[in-house]
Amino acid sequence: MRSPKALLRILIHGRSDEPPDTRARAVLRWVRITVLIIAGLVTLQSVLLVAGAWRDDVAIQHNMGVAQAEVLSAGPRRSTIEFVTPERVTYRPELGVLYPSELSTGMRIYVEYNKSDPNLVRVQHRNAGLAIIPAGSIAVVAWLVALVTLGGLALLDKRLDDQVESGQVTGGS
């Protein structure tokens, strides 16, 4: 079993311990690095998405108000609502409501909002836990695509080795 450090070295540098000796090998190395960076950034984005949802939930929880709202327009990722606070102030949050799945136009729902920032509002009894599966799925798909791409690059690297061994490619740029 190889160590994680050895596997990372293989992912970046390929199977050879030698530095890239041809332009093709140098390009392969940079493509491998780019694939790993993109997969890492997608993973970071997924983590930040869940962290942001959790932060919004904490802000709502610390200064929570509850109100009945009407769904003005509904979509799978964004729904707009209107609600009236106990102080009789009407709000239409610019960014819509958090966790808008399974809403339809005209529905009456209860929402929880941050009393000091009524634009921060979520559907009652929904929380950041709902963001984990979509965000995790995005990260998993990114790594699956990265692994398939890295596998293809490994096959290309092996093919280059075979060409060098058979004398079809010479070293140098």
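Now for a description of the structure that goes with this document. Since this is a predicted model, take the numbers as computed values, not measurements.

### Brief notes about the nonpolar core
Of all hydrophobic cores here, the largest spans 12 residues; its members are Ala 67, Ala 69, Val 71, Ile 81, Phe 83, Val 97, Leu 103, Ile 109, Val 111, Tyr 113, Val 121 and Val 123. Only strand 1 (64-73), strand 2 (80-84), strand 4 (108-114) and strand 5 (117-123) provide two or more residues apiece to this core. In this structure, Tyr 113 is in contact with Ile 60, Asn 63, Met 64, Gly 65, Val 66, Ala 67, Phe 83, Thr 85, Pro 86, Pro 118, Leu 120 and Val 121, ignoring residues within four places of it in sequence.

### Considerations on the pairing of strand 4
The element strand 4 is largely enclosed, with a buried count of five among its seven residues. Sheet analysis places strand 1 next to strand 4, joined by seven bridges and oriented antiparallel. The partner of Ala 69 across the bridge, within strand 4, is Ile 109. Here strand 4 runs beside strand 5; their pairing, made up of four bridges, is antiparallel. Among the inter-strand pairings, Val 111 is bridged to a residue of strand 5, identified as Val 123. Counting the residues in the hairpin turn of strand 4 and strand 5 gives two residues.

### Some words on the pairing of strand 1
Within a regular strand, side chains alternate between the sheet's two faces. By the bridge criterion, four bridges tie strand 1 to strand 2 in an arrangement that is antiparallel. From the neighbouring strand, Val 71 faces strand 2, where its bridge partner is Ile 81. Hairpin remark: strand 1 followed by strand 2, antiparallel, with six residues in the connecting loop.

### Some words on the pattern of salt bridges
Throughout the structure, instances matching the rule amount to seven salt bridges. Here Arg 32 and Asp 157 are joined by a salt bridge, their closest N and O atoms 3.3 Å apart. Pair noted here: Arg 32 is in helix 2 (residues 23-62) and Asp 157 is in helix 3 (residues 129-165), with a separation of 125 residues, a long-range link. By the burial criterion, Arg 32 is buried, and Asp 157 matches it. Close ionic contact of Arg 122 with Glu 112 constitutes a salt bridge, the shortest N to O distance being 2.6 Å. Residue Arg 122 is located in strand 5, and its partner Glu 112 is located in strand 4; the two are separated by 10 residues in the primary sequence. For Arg 122, a relative accessible area of 5% translates into the label buried. Overlapping salt bridges, with partners in common, bring together Arg 25, Arg 32 and Asp 157 in one network.

### What to know about the sheet that holds strand 2
Read from one edge to the other, the open sheet built from five strands follows the order 3-2-1-4-5, with strand pairing classed as antiparallel. The open sheet is flanked by strand 3 (90-91) and strand 5, the only strands paired with a single partner. The sheet strands contacting helix 2 are strand 1, strand 4 and strand 5, and the helix crosses strand 5 at an angle near 110 degrees.

Quick notes on the rules
Residues numbered from 1 in each chain as written. Predicted model: local features only at pLDDT ≥ 70, side-chain atom pairs only at ≥ 80, totals over all residues. Heavy atoms only, no water. Core = buried A, V, L, I, M, F, W, Y, C linked by side-chain atoms within 4.5 Å. Buried < 20%, exposed > 50% of the residue type's maximum accessible area, 1.4 Å probe, protein only. Helix = DSSP H or I, 4+ residues; strand = E, 2+ residues; numbered from the N terminus. Contact = heavy atoms within 4.5 Å. Pairing = 2+ DSSP bridges. Salt bridge = Lys/Arg side-chain N within 4 Å of Asp/Glu carboxyl O. Axes fitted to C-alpha atoms, helices over the stretch in contact; angles between N-to-C directions.

This is a description of form; function is not addressed.
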